[in-house]
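Coordinate analysis (summary)
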Amino acid sequence: KQWYQRRVAITAGIVESKNSTMKIASERNSRALQQQWEEEKERVLSALLGSGKTEFHVPVDTQPLSISSTYWGKDSNMSQDELAFAEVINKRNDAVIAGRNFPIMDELTQTVQEFGESKTVLDCWELVEVLVNSACYDRPALRFKPSNATELLRKSVEYLERGFQQFVQTTICGHLEQAEVGGVPGILELSMSYLSVRTQEWSVWGLVYVCLRCGSPSAALQALKNDGYEGEIETLLEGWSNPLQSSAPRDKVRQLYYGGVSTCGDPYKRLVFSVLGGCDVERRHGDVLTTVQDYIWLKLIHVLNSSNGPADFRSNKDSITLADVQAHVLQEYGENHFSDLQSPYLYSLVLLLTGLFEPAIEVLYRHDECRSHAIHLALALHSHGMLNLCTSPHQPLLSEHDDDPSPQQRLNLARLIIGYTRKFACSNPIPALNYYYILHGMHAEDGEDMFATCITDLIQETKDYQTLLGTLDGSGKKTKGAIDRYNVNHSLIISTVAEASEKRGYWQESVTLYEIAQNYDKVLEILIEELSKNLMPNNRAHDHIYDIATAVETRIHDASPHLRKQFLLLLDLYQFHRLYHADKAQEALDVIDRLQLIPLRQDAINHRVQAFKAFSDELRRCIPDLLIMVMTILNKLYKGCSTTVDSLGGGYNQQAQSIRDQARVVMRFAGMLPYSMPGDTHAQLSMLDAPMRY
């Protein structure tokens, strides 16, 4: 009965231990799967190029142009335009690292001009260049300051007026006979020639409009004087650039407009009075304004008139704010309104003109053929503090913030850069690294530097350790990798990658990375763990781990003494296993005696038991197998004695007795160990010891 109860108790303990082990393994597996899922989810979300809208598409890479480049070190998976842009970013990083200023806007603009792009593309770059060269802010929020917003708005108006003037000149050059070019060169004569091309009959108000549209109120004033017109319009034109001008002339013009001009038959007169009087701001004037640029010009002029006018005028029902125009363009009309134009660049140009920089970038980014321009337009604006960026890299590409004026949004630059580089990061890690450096100084919610985070992800994804991190030469000296160029904590980055690889179970990669980081304590910890699990020569990993360990052995001088001692001990155990499986019993037994792990003499038992208590778990796991192997060796030696005839007499009894004494010592040591060995260990030891008892 007692025997049965004891058996039941032992069985229950085994079952409980098994269930506990299975539960722990299941929990660890679940955590690992959850972590992999979170990483994959983040990767998928990062690939979604929209800003959280319901409509999106994930681009499918077609066969890109493969260009061999000695700088990038391998066949490039980037187009020629992308390579040219990447070279500019590389130069920019060189300048930043050296502490020099870098004219990124000029370099990018020059690069785009070499592409031979269409006019709509060049228009976007030209406008951004105008805006960037007009201001540079320490904080993006300064862009929304009324005076700064007005100045940017004025630059947009000037851009539109210059563009129209160029259009007028181009039209005249194409119709020189009709244009009747002559007189003193100037805007007035240019406008008259343009109207001669466009229509056979035109009024003075048409001429005034074209002059205003070209950005020359002085030419418009001269046109009125030449026609003999006198009135408040002249007064307004004379003080056009004076924000402190009296509101009396404008009020009079507004009265005239509502008194009859608004219903007159001359559309140009209606438009001129609306512009100068700042009235009827919602009227489209579609019979004159036939292009998007004309419409935006009118809206921006109305905004400037409202912001420059005195308080009593700004409170008028005819006033309009920039936020109103932005809401019209972004929310009421939206991208679908411009879809017939077949060009995302034109809609982006409209957004840029109205101060909606972030949505303009996002619109371009969602189109494959525009993505390289989107990212570099964003970098040009960001270099002058003109992009409003979100605080978290995990937010959508566009997001709203309570502190920003409506309908402004914030751009996720980190997601923008990571998404752009995803196409070529694996095949061209160095250019990707250059783009990631732009994120240096930006931090995630956990305080982690985004540049370091991106480097870590890039290294884990490409596994191109030699290119990115460098390697160790034969003497153990580290050669430089791509990240050594940047002023970041290289050891921390490498250790972070190594830790991530270790968590995923890639121990060999972890050893390589920790060794590059000169962290030999971690190198030995991993190798000790792997050595203890693969001691048996019939294990396929045995030779592989042993070769790696012996290669590291010469470079572990800086490791902790106790880890170094334990590591060398395990290497000696590998030597013991090889001798054991080669049937070199006595040599193997001599190695065990030298290592002082298992006692072979009576007076060493207590000392070895005490020493066992200080062993690490990795070393303790080896002891049960070692005990069985030592007893197997002793058993073989004892059997060899039984078949040998000692010619001197008595030799056999002395040798056999010595072996039996060593077996007794091993068995006693096994019984005194404060360690729960596998259930069949004692049974195997007893079976091996039985023939040597008598």
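Structural data are supplied above this passage.
Values in this document were obtained by computation on a predicted structure and should not be read as measured data.

Conventions adopted
- Residues numbered from 1 in each chain as written.
- Predicted model: local features only at pLDDT ≥ 70, side-chain atom pairs only at ≥ 80, totals over all residues.
- Heavy atoms only, no water.
- Helix = DSSP H or I, 4+ residues; strand = E, 2+ residues; numbered from the N terminus.
- Buried < 20%, exposed > 50% of the residue type's maximum accessible area, 1.4 Å probe, protein only.
- Contact = heavy atoms within 4.5 Å.
- Areas by Shrake-Rupley, 256 points an atom, 1.4 Å probe, with all protein chains shown as cover.
- Core = buried A, V, L, I, M, F, W, Y, C linked by side-chain atoms within 4.5 Å.
- Polar contact = N/O pair within 3.5 Å; in protein donor to acceptor, adjacent residues only side chain to side chain.
- Phe/Tyr/Trp six-rings, centres within 6.5 Å; stacked < 30°, edge-to-face > 60°.
- Lys NZ or Arg CZ within 6 Å of the ring centre and 35° of its normal.

Turning next to the overall build of the protein chain. Within the protein chain one finds 33 helices and four strands. In the protein chain, which comprises 694 residues, the share counted as buried stands at 48%. Residue pairs in contact within the protein chain that sit at least 24 positions apart in sequence constitute 59% of those at least 6 positions apart. By element, 50% of the accessible surface of the protein chain is carried by carbon and sulfur atoms, the whole surface being about 34700 Å².

Judged by nonpolar contacts, the single largest core of 208 residues is most densely connected at Tyr435 and Leu627. At 11 residues, helix α31 (residues 623-642) tops the list of elements feeding residues into this core. Other than its neighbours up to four places away in sequence, Tyr435 contacts Glu82, Phe85, Ala86, Ile89, His376, Leu379, Ile417, Tyr420, Thr421 and Phe424.

For the rest of this paragraph, the subject is helix α19 (residues 413-421). Most of α19 sits inside the fold, with eight of its nine residues counted as buried. Those residues of α19 not exposed but buried are Leu413, Ala414, Arg415, Leu416, Ile417, Gly419, Tyr420 and Thr421. You can read the cap of α19 off the contacts: a side-chain oxygen lies 3.3 Å from the backbone nitrogen of Ala414, and it is on Asn412.

Now for the packing of aromatic side chains. The full count for this structure, using the stated rule, is 21 aromatic pairs. Look at Tyr420 and Phe424: their rings are 5.6 Å apart centre to centre, the planes differ by 80 degrees, and that puts the pair in the edge-to-face class. Neither Tyr420 nor Phe424 differs from the other in exposure class; each is buried. On the basis of an interplanar angle of 80 degrees and a centroid distance of 5.1 Å, the ring pair of Tyr437 and Phe451 is categorised as edge-to-face. With Tyr437 in the loop between α20 (429-436) and α21 (450-462) and Phe451 in helix α21, the pair connects residues that are 14 residues apart, well separated along the chain. Note on Tyr437: relative accessible area 4%, which makes it buried. Feature note: the residues Phe85, Phe115 and Trp125 constitute an aromatic cluster, connected by ring pairs. Sitting over the face of the ring of Tyr365, Arg371 holds its NZ or CZ atom 5.3 Å from the ring centroid. Seen from the ring of Tyr546, Arg578 lies directly overhead, with NZ or CZ sitting 4.2 Å from the centre.

Turning next to the environment of Ser134. Relative to the assigned elements, Ser134 resides in helix α4 (residues 119-134). Overall, Ser134 belongs to the partly exposed group, its relative accessible area being 25%. Not counting residues within four places of it along the chain, the set of residues in contact with Ser134 comprises Leu152 and Lys155.

Before going further, it helps to spend a moment on unusual backbone geometry. The amide bond that connects Ser406 to the next residue, Pro407, takes the cis arrangement and shows omega of 0 degrees. Looking at the secondary structure, you find Pro407 in the loop between β3 (398-399) and β4 (410-411). Even without glycine at this site, Asp280 takes up a positive phi of about 50 degrees. Examined against the element boundaries, Asp280 turns out to sit in the loop between α12 (267-277) and α13 (292-308). Among the residues examined, Asp280 registers a relative accessible area of 22% and is labelled partly exposed. The phi dihedral of Gln596 is positive, around 60 degrees, even though this residue is not glycine. Residue position: Gln596 is located in the loop between α28 (585-595) and α29 (605-613).

With that settled, consider the environment of Ile417. Within the secondary structure layout, Ile417 lies in helix α19. Each C-alpha atom of the pair Ile417 and Tyr435 lies 6.8 Å from the other, and the pair is 18 residues apart in sequence. Residues contacting Ile417, with those up to four places away along its chain left out, are Ile375, Leu379, Tyr435, Tyr436, Ile438 and Leu439.

So, about the environment of Pro674. Structurally, the position occupied by Pro674 is in the loop between α32 (651-672) and α33 (681-689). With 64 residues separating them in the primary sequence, Pro674 and Gln610 have C-alpha atoms 9.5 Å apart. Excluding residues that lie within four positions of it along the chain, Pro674 makes contacts with Val609, Phe612 and Lys613.

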